[in-house]
Amino acid sequence: MSASSRRTSTVITSVAAAALTLALAACQTPASRPGGYQPTYPASQQVSHSDAVRLLRRADTLPTPARDQQRLQAAAILYELGDKETAKEAVTKINPQQLDNTLFASYAQVYGHLLVDSDDFFEALDLATSARLDGVWPQLSQDTALPLRDLRADLWGLLGDLDSAISERREISYLAKSDESITENNNGFWQLLTQLPSSELQQRANNSSDTQMRGWYQLALLGRDTQADISTQLTALRRWRERWPAHSANTHPPQALQLLERLAAQRADSIALLLPVSGSLGSAGRAIRDGFMAAHYTALKAGAATPRVMVYDTGTEQPFEEVYQSAVDAGAQFIIGPLDKSKVANLLATEKLPVPTLALNYGDQGRLTSDLVQFGLAVEDEARQIARHAYRQGHRQAMVLSADSSWGQRGAETFVEEWQQLGGSVSINKTFTNNSKFSNLVSDALLIPDSNARKKTLQGRLSAPLEFTPRRRGDVDMVFVTALPQQARQLNPMLTYYYAGDLPVYATSHVFAGQANPNRDRDLNGVRFTALPWLFEDNETKRDIEEQAAPTPAFARLYALGADAFRLYPRLPMLRQFPEQKMHGLTGALSLSADGRIVREQMWAQIEKGVPVLVTTMEPLQPTRQSSLQLENSETF
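Every value quoted in this text rests on a predicted model; they were computed, and no experiment measured them.

1. Description of the overall build of the protein chain
Turning to step 1, where the next piece is worked out: Scanning the protein chain for helices and strands turns up 28 helices and 15 strands.
Turning to step 2, where the next piece is worked out: Counting over 637 residues, the protein chain shows a buried share of 54%.
Turning to step 3, where the next piece is worked out: In the protein chain, the share of contacts with a sequence separation of at least 24, taken over all contacts with a separation of at least 6, comes to 67%.
Turning to step 4, where the next piece is worked out: Summed over its atoms, the accessible surface of the protein chain is roughly 27000 Å², and 48% of this surface lies on carbon and sulfur atoms.

2. Here's the deal with the packing of helix α20 (residues 379–392) against helix α21 (residues 406–422)
Turning to step 1, where the next piece is worked out: The N-to-C vectors of α20 and α21 enclose an angle of 35°; their axes lie 8 Å apart at closest approach. The handedness of the crossing between α20 and α21 is right-handed. Where α20 approaches α21, its residues Val379, Glu380, Ala383, Arg384, Ile386, Ala387, Arg388, Ala390 and Tyr391 are matched on the opposing element by Trp407, Arg410, Gly411, Thr414, Phe415, Glu418, Trp419 and Leu422.

3. Describing the pattern of salt bridges
Turning to step 1, where the next piece is worked out: This structure, assessed with the given rule, holds 23 salt bridges.
Turning to step 2, where the next piece is worked out: We note a salt bridge from Arg204 to Asp163, for which the minimum N-O separation is 2.7 Å. Of the two residues, Arg204 is situated in helix α11 (residues 198–207) and Asp163 in helix α9 (residues 162–175); the sequence distance between them amounts to 41 residues.
Turning to step 3, where the next piece is worked out: With relative accessibility at 16%, the residue Arg204 sits in the buried group.
Turning to step 4, where the next piece is worked out: Across the pair Asp564 and Arg567 runs a salt bridge whose closest N-O atoms are separated by 3.9 Å. Taken together, the positions of Asp564 and Arg567, both in helix α27 (residues 553–568) and three residues apart, correspond to about one turn of that helix. Exposure class is identical for Asp564 and Arg567. Each is buried.
Turning to step 5, where the next piece is worked out: Within this structure, Asp60, Asp68 and Arg71 form a network of salt bridges that share partners.

4. Description of the pairing of strand β12 (residues 589–592)
It is a general feature of regular strands that their side chains alternate between the two faces of the sheet.
Turning to step 1, where the next piece is worked out: Of the two faces of β12, the one lined by Ala589 and Ser591 and the one lined by Leu590 and Leu592 are each fully buried.
Turning to step 2, where the next piece is worked out: Bridge analysis of strand β11 (residues 583–584) against β12 gives two bridges, and the strand direction is antiparallel. If you follow Met583 over to β12, its bridge partner there is Leu590.
Turning to step 3, where the next piece is worked out: Here β12 pairs with strand β13 (residues 598–601) via four bridges, running antiparallel. The partner of Ala589 across the bridge, within β13, is Glu601.
Turning to step 4, where the next piece is worked out: Taking the residues between adjacent antiparallel strands as the criterion, β12 and β13 are bridged by five residues, where Gly596 takes a positive phi near 80°.

5. Considerations on the sheet that holds β12
Turning to step 1, where the next piece is worked out: Reading across from one edge, β11-β12-β13 is the order of the three strands in this open sheet, with antiparallel pairing throughout. The open sheet has two edge strands with one neighbour each: β11 and β13.

6. Remarks on the side chain of Asn250
Turning to step 1, where the next piece is worked out: By the element assignment, Asn250 lies in helix α14 (residues 248–251).
Turning to step 2, where the next piece is worked out: By relative accessible area, which is 18% here, Asn250 ends up buried.
Turning to step 3, where the next piece is worked out: Discounting residues that sit within four places of it in the chain, Asn250 has contacts with Trp240, Arg241, Trp244 and Pro245.

7. Focus on α9
Turning to step 1, where the next piece is worked out: In this model α9 runs 20 Å from its N-terminal to its C-terminal C-alpha over 14 residues, within 8% of the 20 Å that 1.5 Å per residue would give.
Turning to step 2, where the next piece is worked out: For α9, every residue scored as buried is listed here: Leu162, Ala165, Ile166, Glu168, Arg169, Arg170 and Ile172.

8. Side note on the packing of aromatic side chains
Turning to step 1, where the next piece is worked out: Here the structure, examined in full by the defined rule, presents 15 aromatic pairs.
Turning to step 2, where the next piece is worked out: Plain terms: the ring middles of Phe292 and Phe566 are 5.3 Å apart, the flat faces sit at 85° to each other, and that makes the pair edge-to-face. Residue Phe292 is found in helix α17 (residues 282–301), and its partner Phe566 is found in helix α27; the two are separated by 274 residues along the sequence.
Turning to step 3, where the next piece is worked out: Judged by relative accessible area, which is 1%, Phe292 ranks as buried.

9. Quick word on the nonpolar core
Turning to step 1, where the next piece is worked out: Of all hydrophobic cores here, the largest spans 117 residues; its most connected members are Leu358 and Ile598.
Turning to step 2, where the next piece is worked out: The dominant element in this core, judged by the number of residues it contributes, is helix α6 (residues 101–117), at 10 residues.
Turning to step 3, where the next piece is worked out: Sequence-distant contacts of Leu358, that is, excluding residues within four places in its chain, are made with Phe334, Ile335, Ile336, Gly337, Val373, Phe375, Ala565, Leu568, Tyr569 and Leu572.
Turning to step 4, where the next piece is worked out: The next biggest cluster of nonpolar side chains, apart from the first, holds 33 residues, and it includes Leu401, Val442, Val479 and Leu524.

10. Here we look at the environment of Gln202
Turning to step 1, where the next piece is worked out: As for its position among the elements, Gln202 is in helix α11.
Turning to step 2, where the next piece is worked out: Given the relative accessible area of 34%, Gln202 is considered partly exposed.
Turning to step 3, where the next piece is worked out: Separated by 336 residues in sequence, Gln202 and Asp538 place their C-alpha atoms 9.8 Å apart.

11. Regarding the packing of helix α3 (residues 49–59) against helix α4 (residues 66–81)
Turning to step 1, where the next piece is worked out: With their axes 8 Å apart at the nearest point, α3 and α4 run at an angle of 160° to one another. When the axis of α3 is compared with that of α4, the two are roughly antiparallel. Taken as a pair, α3 and α4 cross one another with a handedness that is left-handed. When α3 is examined against α4, the residues His49, Ala52, Val53, Leu55, Leu56, Arg58 and Ala59 are found in contact with a partner set consisting of Arg67, Gln70, Arg71, Gln73, Ala74, Ile77, Leu78 and Leu81.
Turning to step 2, where the next piece is worked out: Class assignment of the residues belonging to the contact of α3 with α4 gives a composition of nine nonpolar, three polar and three charged.

12. Some words on the sheet that holds strand β1 (residues 270–275)
Turning to step 1, where the next piece is worked out: Reading across from one edge, β2-β1-β3-β4-β5 is the order of the five strands in this open sheet, with parallel pairing throughout. This sheet does not close on itself; its edge strands, each paired only once, are β2 (308–313) and β5 (372–374). Going from strand to strand, the sheet's axes swing by 20° on average, the running direction of each strand aside.
Turning to step 2, where the next piece is worked out: Here strand β3 (residues 334–336) pairs with strand β4 (residues 357–359) via two bridges, running parallel. Residue pairing for β4: Ile335 is matched across the bridge by Thr357.

13. Topic: the confidence of the model for the protein chain
Turning to step 1, where the next piece is worked out: Confidence in the prediction of the protein chain, expressed as mean pLDDT, is 84, and 84% of residues score 70 or more.
Turning to step 2, where the next piece is worked out: Considering only residues more than four positions removed or in separate chains, one finds that residues 1–44, a stretch of pLDDT under 50, has 75 contacts.
Turning to step 3, where the next piece is worked out: Contacts from residues 622–637, a stretch scored under 50 in pLDDT, to residues over four places away or in other chains number 37 contacts.

Conventions we followed
- Note on numbering: residues in each chain are counted from 1, in written sequence order.
- Owing to the predicted nature of the model, reporting of local features is limited to residues with pLDDT of at least 70; listing and counting of side-chain atom pairs is limited to 80 or more, with chain, interface and lining totals taken over all residues.
- The basis for every side-chain value is the complete set of heavy atoms in the structure, and neither hydrogens nor water enter the calculation.
- For helices the rule is a DSSP run of H or I covering at least 4 residues; for strands it is a run of E covering at least 2, with both sets numbered from the N terminus onward.
- Think of it in three bands: residues with accessible area under 20% of the maximum for their type are buried, residues over 50% are exposed, and the middle band is partly exposed, with areas taken using a 1.4 Å probe on protein chains only.
- The contact criterion used throughout is that any non-hydrogen atoms of two residues lie within 4.5 Å.
- Each accessible area value is a Shrake-Rupley result obtained with a 1.4 Å probe; residue values ignore everything except the protein chains displayed when judging cover.
- Between the N-to-C directions of two axes lies an angle of 0 to 180 degrees, each axis being a line fitted to C-alpha atoms and, for a helix, fitted only over the stretch in contact.
- Crossing handedness is read from the near helix: turned anticlockwise from the far helix by less than a right angle, it gives a left-handed crossing, and turned clockwise, a right-handed one.
- We count a salt bridge whenever a side-chain nitrogen from Lys or Arg sits within 4 Å of a carboxyl oxygen from Asp or Glu.
- Any two strands with at least two DSSP bridges between them are considered paired.
- Given the number of residues in a helix, its expected span is that number minus one, multiplied by 1.5 Å.
- A pair of aromatic rings is counted whenever rings of Phe, Tyr or Trp (Trp by its six-membered ring) have centres within 6.5 Å, and the orientation is called stacked for planes under 30 degrees apart, edge-to-face for over 60 and tilted otherwise.
- Residues enter a nonpolar core if they are buried and are Ala, Val, Leu, Ile, Met, Phe, Trp, Tyr or Cys, with the set joined through side-chain atoms within 4.5 Å.
- Just so you know how the angles are binned, under 35 degrees is roughly parallel, over 145 roughly antiparallel, 65 to 115 roughly perpendicular, and the rest oblique.
- Under the scheme applied, nonpolar residues are Ala, Val, Leu, Ile, Met, Phe, Trp, Tyr, Cys and Pro; charged residues are Asp, Glu, Lys and Arg; polar residues are all the others, including Gly.
- Per-residue confidence from the predictor is reported as pLDDT, a score between 0 and 100.

What follows is the structure in structure tokens.
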């Protein structure tokens, strides 16, 4: 099973017991038709694996519909016991037409979980959203409807259809009655809504006619706009609670909000920035510093209790160990930096650091102790995100086109590794430079010359002209690209020209220059890419950065990194204690891995009419068109 499906399974396995209870209760009800069979068996918690297998075998001796009912019951028990292979074998033998509406809902839930475990996300969603269920929701009990709707919401969220997932969470809010189910649903709401940028949340808060959803949008907006400082966020949260005393998120707050007061009490009073403000990395270091200080001044202006900030230049010839110790001797309780990869390696080689440290780059390994966390703008995070997303969208055969640069090759290598671990295959992997002839590159990658050669050979044999349409290779259903804007503007049109316009193109954030240029970027139309939230944010921190430093698009990513470092360091205890939690910043949704690395997950955007547009709905699943070389005599080659 892939890492993504294991994470999904962790989220939804908690409802398996409810599915089991439902299947048992339904099967114990006497059949309505004459001569119906009523099975008898012990309660689920008393059923062993061997009992479940015997139950499954006995089902083969029963008439319909009792046979399918008992298979469903056995499958639910086996799923709960962890024997998913036998459970799937059982459930695939069921004829769903033999099940009444209540049992069909159980079937959709149990089989849907099994499909998710097999990475068959679209098939699972198709089952969970079957048209058969549309008219029967009012007839279903809470125990039947609630876990199935949870599955639907999880799948839509997993596949990137935030709008459908949010709507489903709203439906669940009407059903959830217990404190546990309400809190679980509110955690789901929070995870979905905080993926939207501030501008989108503000628009929805202004336009929504649903009072509860207006409160949710304003709460999520609070989570984004006031993350510059925890105390500021706490003040805004108290005001929100006063305004929305009866709101579900007030009576059952999301887990992330419950941690704020504890984090505020743990905040450092003095921190040190260790960055190169001179030397070869000076421009990058100054951009990060300015982003950090802009976030700091925003918090200060809001009246928040802000730490004392000391800046040390690591771009000089002074040994880094001395610079670090100077900061410690000056009273720094937390250190942010360094930026240089070799200096991060020095920290990794140190057995124990005197104060907690947030490095702004990644070394070659992680660190299991809590004294060092690594955070940066790694292309590897984007490549893994793209691989997981494309795989969930149903793609399995990739073409990889990568820039001949260190970041481009690292991105391609990481994508291929993650893609193959998920179960995908790479049909062709090509590298290009700025001087490459992109027409030849794409034509060769798609095997267009081979198609032309086949036509030429056949035409010579027949000694007659032929009507001919070249055929691109058929073993590709998506394209992954690591490219700068000027390179991608040449690549993308060539894919269309050479009969691959139906292939979805996924790219890292480098494909967009950072500033809208519709005239030039029309050649990127249709390209999907992982986008920095910075592009879509319109909050006070970003405005202050732009006013104070006027960052150029080329350095915007580094300013965003600096601002997020200010937001991130006091929240590290929360991320460490709750690995599923994320901090939604200007560089992405940030989570902490077990080995002390910050993992970024960015927003999804697509170029439309030369402009990046935020993607919040699911991409249509389009099977790869198998174009063929059509000849006058209808033969295909």
